[in-house]
Amino acid sequence: MTDALELDVRPILRNGGEPFGAIMGAINALAPGQGLKLYATFRPEPLFTVMAAKGFGYEATPLEGGDWQVLFMPTAVPAGSAASRPEDPESWPDPIHYLDCTDMDPPEPMVQILTQLEAMSEGEVMFALLGREPVFLFPEMQARGHAWVGDFDADGTSYRLMIRAGRQP
Amino acid sequence: MQMATISRWTLAYFSGALVALVSALALMALGLGYPSEGLMEPRTLVVVHLITIGWLSLLMLGALMQFLPVLVGRELVWPKLPPVILALILSGLALLLCGFLALDGWHNAPVEFLTLGGLLLLAGFCVAAVMLFATLLSARSLPLPAGFVALGLLSLLVAATLGETLASVLAGLVGGNFSVALVMHGVGLHAAFGLGGWLTLAAMGVSYRLVSMFLVAPERKGVLTRMAFWSATIALGGLAGVLMILIATNASWSLGLALTGLAAALAIGAYLADIAGLYRTRRRARLELHMAGAVAGMAMLGLGAGLLAWALWTGSQPVLAAAIHVLALGWLGGLGLVMLYKIVAFLTWLECFAPHMGRMITPRVQDLVCERRAAPFFILYFAAELAGATAIVFGSDVVFRIATALQLLGVMMLIHQYVRARRLADLPEAWMDHPKPRLILPATRQRSVA
């Protein structure tokens, strides 16, 4: 399990600012299954409802000087990834989509794979066969939170790529 | 992690390269340098170095910074260096050109500009070679095309060092028998390491991967590919031997030169046959414009090599000049212009549409260009190249200048096409309002978490 992301909004609050944007930004940056440790100058009651709607439970602890530390943890694991963790391909379920991109000219394989991934739920897995290592696809998949493993087949003619879909925005 | 992103400075290298090409062609059309003046006259040297360093080397370095990571599946090592290298090469080139003009007494400029410019160039090329070598070495395995690039980078270092030594001789800083021998025999070696070892081998390496990628053809790993590579290695080894003998004895080594020539001819023959095989085994029926244009470029390699062999056999200076013209502007320059046509569109497409893939209908890369409009300018360019080379062989200065002016026109019109692709000007109506990228420096990709 990844460590909880830490976010201290006390400086924002003390300067009279509004921390909601920073908190939502942090939540969007969480990896699947990751928690958020929040520091605030008060017990952030309104946030608990918002976070419950997003599938997070909380554990609020008072600190010295009237500050609070709240640990938000995801309560329900999203469907389809009961035991599947992005960082561990062994735990992924079997692919439900197969794409043969060996006859496509670049960048068509990239377009096809990303289009397919957009239609998949988090934790679902697809398999693609390519004529070469799709080096331009990797940064795009990383930016979108997908996880992947890939290698060349024994005679080095096709590249096999297994992708686990990340959380949809 | 094995991935490649848009190289931020590649388009700046390409822009600098195109400015140098336009300047060189304009100077030649105005009658400066060969054939109006001698082959070793200062103004000929200005034009030659504008083409080989300004146009071809900047083009190749910019392309390698983008495609070496693709070739080896690793990100560029030390990505902050490309602007430093560009500044070193551009300032070095400017000083070198002033130095050549100073030999002619231009504005009483000091001839030491030659040495200083050569030094900056040497520094820039060394940093570039180290950066690209480090990227190559970070790969898990080196495919054969990467081997060509590695040989090319080694040759670049030799060519630049030899060039700097020649510059010091011309500036009068080095004297004695060695300097006489170097001017007699070293200039050819400098050109062979630069045009042959560096630019031609690197172009072969890059084209192996690009051609197979764009034609959707299986990578070449057969006898011909290995023959091309090992013959090129032997040719380069022979050239290095000739250089060693020259340094040690101040004399030329004809046996070594003959060995180099044979091995080089074999390498070129194997490479061209191998590329022909790539075209035959392609899965795309229709050739896109850049792949059709590449055929013209490759044909120029065969023609240029043939002319070179003829010139060395007969000792004819005009034929030698024509051979160099065909190799530099037909083969390397022609291939460069046709590949730019695809690469600029591809990089622009990647920059503008990769973040939207799968989330909206994205145009095809081909939609960024208008092949029907560009095709006549490629034909003009290559036809003018043939006319120019013929004019050199037959010694017609006027025809050469007219051909060069037409070639310049072709280049200007092609630059216009590249700019249109960058500005998304040829996209179908559905994407007319898509935000335009910056012309030269692409924005760094924001890693959106959403």
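Residues numbered from 1 in each chain as written. Chains lettered and ligands numbered in written order. Predicted model: local features only at pLDDT ≥ 70, side-chain atom pairs only at ≥ 80, totals over all residues. Heavy atoms only, no water.

With an unreviewed UniProt entry as reference, chain A is termed DUF2249 domain-containing protein, source organism Devosia ureilytica.

All right, on to the overall build of chain A then. Helix and strand counts for chain A come out as five helices and eight strands. Counting helices and strands in the order they occur from the N terminus, chain A gives β-α-α-β-α-β-β-β-α-β-α-β-β. Taken over C-alpha atoms, the radius of gyration comes to 20 Å for chain A, far larger than the 15 Å a tight globule of 169 residues would show. Along the longest, intermediate and shortest principal axes, the C-alpha atoms of chain A span 65 × 30 × 25 Å. The buried share of chain A, reckoned over its 169 residues, is 43%. Partitioning the contacts of chain A with sequence separation of at least 6, the portion at a separation of at least 24 is 61%. On chain A, roughly 8,400 Å² of surface is accessible, and the fraction owed to carbon and sulfur atoms is 55%. Each charge class in chain A can be summarised by its mean position, and for the 11 positive and 24 negative side chains these summaries are 8 Å apart. (Helix = DSSP H or I, 4+ residues; strand = E, 2+ residues; numbered from the N terminus. Rg over C-alpha atoms; globule rule 2.2 N^0.38 Å. Buried < 20%, exposed > 50% of the residue type's maximum accessible area, 1.4 Å probe, protein only. Contact = heavy atoms within 4.5 Å. Areas by Shrake-Rupley, 256 points an atom, 1.4 Å probe, with all protein chains shown as cover. Lys, Arg positive; Asp, Glu negative; His and termini not counted. Charge placed at Lys NZ, Arg CZ, Asp CG, Glu CD.)

We now examine the sheet that holds strand β2 (residues 36-40) of chain A. Residues and elements named next belong to chain A. Spatially, the four strands line up as an open sheet ordered β1-β2-β4-β3, and their pairing is mixed. Two strands close off the open sheet at either side, each with one partner strand: β1 (5-8) and β3 (56-62). Within the sheet, the average angular offset between the axes of one strand and its neighbour, ignoring direction, is 20°. The sheet contact formed by β2 and strand β4 (residues 68-74) spans five bridges and is antiparallel. Directly across from Ala40, in β4, lies its bridge partner Trp68. (Pairing = 2+ DSSP bridges. Axes fitted to C-alpha atoms, helices over the stretch in contact; angles between N-to-C directions.)

On to unusual backbone geometry, then. Pro107 of chain A follows Pro106 of chain A through a cis peptide bond whose omega is 5°. With respect to the helices and strands, the residue Pro107 of chain A is situated in the loop between β5 (97-100) and α4 (108-118). Residue Pro35 of chain B is bonded to the preceding Tyr34 of chain B through a cis peptide linkage, with omega at 0°. Mapped onto the elements of the fold, Pro35 of chain B is located in the loop between α1 (10-29) and α2 (42-72). Backbone geometry places Val216 of chain B, a non-glycine residue, at a positive phi of 50°. With respect to the helices and strands, Val216 of chain B occurs in the loop between α6 (176-215) and α7 (223-249). With a phi close to 60°, Asn250 of chain B is a non-glycine residue in the positive phi region.

Here we come to the packing of α1 of chain B against helix α12 (residues 397-422) of chain B. Residues and elements named next belong to chain B. Running from N to C, α1 and α12 point in directions that differ by 160°, and their axes come no closer than 8 Å. One way to sum up the angle between α1 and α12 is to call them roughly antiparallel. Crossing geometry of α1 relative to α12 is assigned as left-handed. Here Leu11, Leu18, Leu21, Val22, Leu25, Ala26, Met28 and Ala29 of α1 lie close against α12, whose contacting residues are Phe400, Arg401, Thr404, Ala405, Gln407, Leu408, Val411, Met412, Ile415, Tyr418 and Arg422. Grouping the constituent residues of the contact of α1 with α12 by class yields 15 nonpolar, two polar and two charged. (Parallel < 35°, antiparallel > 145°, perpendicular 65-115°, else oblique. Left-handed = near helix turned anticlockwise from the far one by under 90°. Nonpolar A, V, L, I, M, F, W, Y, C, P; charged D, E, K, R; others polar.)

In this assembly, 28 residues from chain A lie in contact with 36 residues from chain B. Both faces considered, chain A and chain B share a buried interface measuring about 2,700 Å² in area, 59% of it formed by carbon and sulfur atoms. Seen at the junction of chain A and chain B, the total is four salt bridges. Salt-bridge contacts for Arg359 of chain B lead to Glu118 of chain A; the nearest nitrogen and oxygen are separated by 3.2 Å. For the pair chain A and chain B, the interface holds nine residue pairs in polar contact (both at pLDDT 80 or more). Within the residue set of the side of chain A that touches chain B, elements represented by two or more residues are α4 and α5 (137-143) of chain A. Split into classes, the residues belonging to the side of chain A that touches chain B amount to 15 nonpolar, five polar and eight charged. (Buried area = accessible area lost by both parts, 1.4 Å probe. Salt bridge = Lys/Arg side-chain N within 4 Å of Asp/Glu carboxyl O. Polar contact = N/O pair within 3.5 Å; in protein donor to acceptor, adjacent residues only side chain to side chain.)

Okay, the domain arrangement of chain A next. According to the domain assignment, chain A consists of domain 1 (5-74) and domain 2 (89-164). Taking the mean C-alpha position of each, domain 1 of chain A and domain 2 of chain A sit 35 Å from one another. (Domains from an automatic or database assignment.)

Looking now at the packing of aromatic side chains. Two numbers describe a pair of aromatic rings. These are the distance of the centres and the angle of the planes. Here the structure, examined in full by the defined rule, presents 13 aromatic pairs over all chains. Seen in terms of ring centroids, Phe136 of chain A and Phe346 of chain B are 5.8 Å apart; in terms of plane orientation they differ by 65°. Their pairing is edge-to-face. Residue Phe136 of chain A is found in the loop between β6 (125-130) and α5, and its partner Phe346 of chain B is found in helix α10 (residues 317-353); the two belong to separate chains. The exposure class assigned to Phe136 of chain A is buried, which follows from its relative accessible area of 10%. (Phe/Tyr/Trp six-rings, centres within 6.5 Å; stacked < 30°, edge-to-face > 60°.)

Turning our eyes to something else, we now look at the UniProt feature "domain: DUF2249" (unreviewed entry) in chain A. Look at the UniProt record and you will see "domain: DUF2249" (unreviewed entry) annotated at residues 6-72 and 99-164 of chain A. Taken as a whole, residues 6-72 of chain A contains 34% helix and 30% strand, while its terminal C-alpha atoms sit 10 Å from one another. (UniProt positions renumbered as here; feature names shortened; annotations may be inferred.)

For the rest of this paragraph, the subject is the pattern of salt bridges. Throughout the structure, instances matching the rule amount to 23 salt bridges over all chains. Across the salt bridge formed by Arg167 of chain A and Glu122 of chain A, the nearest N and O atoms sit 4.0 Å from each other. Here Arg167 of chain A, found in the segment after β8 (159-164), pairs with Glu122 of chain A, found in the loop between α4 and β6; they are 45 residues apart in sequence, far enough to count as distant. Residue classification places Arg167 of chain A among the partly exposed residues on the basis of a relative accessible area of 39%. In this structure Glu122 of chain A comes out as buried when scored by relative accessible area, which is 8%. Note that Arg43 of chain B and Glu37 of chain B form a salt bridge whose closest N and O atoms lie 2.9 Å from each other. Residue Glu37 of chain B is classed as buried on the basis of its relative accessible area, which comes to 18%. Linked by salt bridges that have partners in common, Asp8, Arg10, Arg14 and Asp67 of chain A make up one network.

The subject of this paragraph is the domain arrangement of chain B. All names here are of chain B. Under the domain assignment, chain B is made up of domain 1 (1-141) and domain 2 (143-285). Between the C-alpha centres of domain 1 and domain 2 there is a distance of 18 Å. In this assembly, 28 residues from domain 1 lie in contact with 27 residues from domain 2. For the pair domain 1 and domain 2, the two sides together bury roughly 2,400 Å², of which 84% comes from carbon and sulfur. At the boundary of domain 1 and domain 2, one finds zero salt bridges. If you look at where domain 1 meets domain 2, you find two residue pairs in polar contact (both at pLDDT 80 or more). Every element with two or more residues in the side of domain 1 that touches domain 2 is listed here: α2, α3 (81-103) and α4 (112-137). Considering every element that reaches the side of domain 1 that touches domain 2, the biggest residue donor is α2, with twelve residues. Of the residues in the side of domain 1 that touches domain 2, the class split is 22 nonpolar, six polar and no charged.

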